[in-house]
Amino acid sequence: MARCNDLTRGLAAEYGAVVVDMWDHPVNSRDGLLSEDRIHFAASGQAVTATEMVKSLSHVLARSTHL
């Protein structure tokens, strides 16, 4: 997984993509974080991920408007 994350970050940097890394996020300790398949986030985890993505995109947009 670490190698996959490194590749993802490298490609994101190369193409200017935004990556939100949830690996060490505090939401990971939340009960009921995962769906029944124990692989994907449940709705609450998806909501936190979406919030983090919006925050990351807002930082990118703020930087681009100040150029």
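Nothing here was measured: the structure is a model prediction, and the numbers come from that model. (Residues numbered from 1 in each chain as written. Predicted model: local features only at pLDDT ≥ 70, side-chain atom pairs only at ≥ 80, totals over all residues. Heavy atoms only, no water.)

Peer 1: Honestly, helix H1 (residues 2-15) in this entry has me stumped. Any pointers?
Peer 2: Given 3.6 residues to a turn, an α-helix orients residues that are three or four positions apart in the same direction. Taking 1.5 Å per residue, 14 residues should reach 20 Å; H1 reaches 20 Å between its end C-alpha atoms and fits that length. One or two positions beyond H1, positive phi appears at Gly16, with a value near 70°. (Helix = DSSP H or I, 4+ residues; strand = E, 2+ residues; numbered from the N terminus. Expected span 1.5 Å × (residues − 1).)

Peer 1: Any chance you could explain the side chain of Glu52 here in plain terms?
Peer 2: You can see Glu52 is positioned in helix H2 (residues 43-65). Judged by its relative accessible area of 17%, Glu52 is buried. Excluding residues within four positions of it along the chain, Glu52 makes contact with Val20, Met22 and His25. (Buried < 20%, exposed > 50% of the residue type's maximum accessible area, 1.4 Å probe, protein only. Contact = heavy atoms within 4.5 Å.)

Peer 1: Sorry if this is basic, but what is going on with unusual backbone geometry here?
Peer 2: Peptide bonds are, in most cases, trans, and in most cases residues other than glycine have a negative phi. Phi at Arg38 takes a positive value of approximately 60°, unusual for a residue other than glycine. The topology assignment puts Arg38 in the loop between H1 and H2. Relative accessible area serves as the criterion here: at 59%, Arg38 is assigned to the exposed category.

Peer 1: For this particular structure, what's the right way to read the pattern of salt bridges?
Peer 2: Applying the stated criterion to the full structure yields three salt bridges. Between Asp21 and Arg9 there is a salt bridge, with the nearest N and O atoms lying 2.4 Å from each other. Residue Asp21 is located in the loop between H1 and H2, and its partner Arg9 is located in helix H1; the two are separated by twelve residues in the primary sequence. Residue Glu52 pairs with Lys55 through a salt bridge whose shortest N-O separation is 3.2 Å. One end of the pair, Glu52, and the other, Lys55, are both in helix H2, three residues apart, so they sit about a helical turn from each other. Salt bridges here are not isolated pairs; linked through shared partners, they connect Asp6, Arg9 and Asp21. (Salt bridge = Lys/Arg side-chain N within 4 Å of Asp/Glu carboxyl O.)

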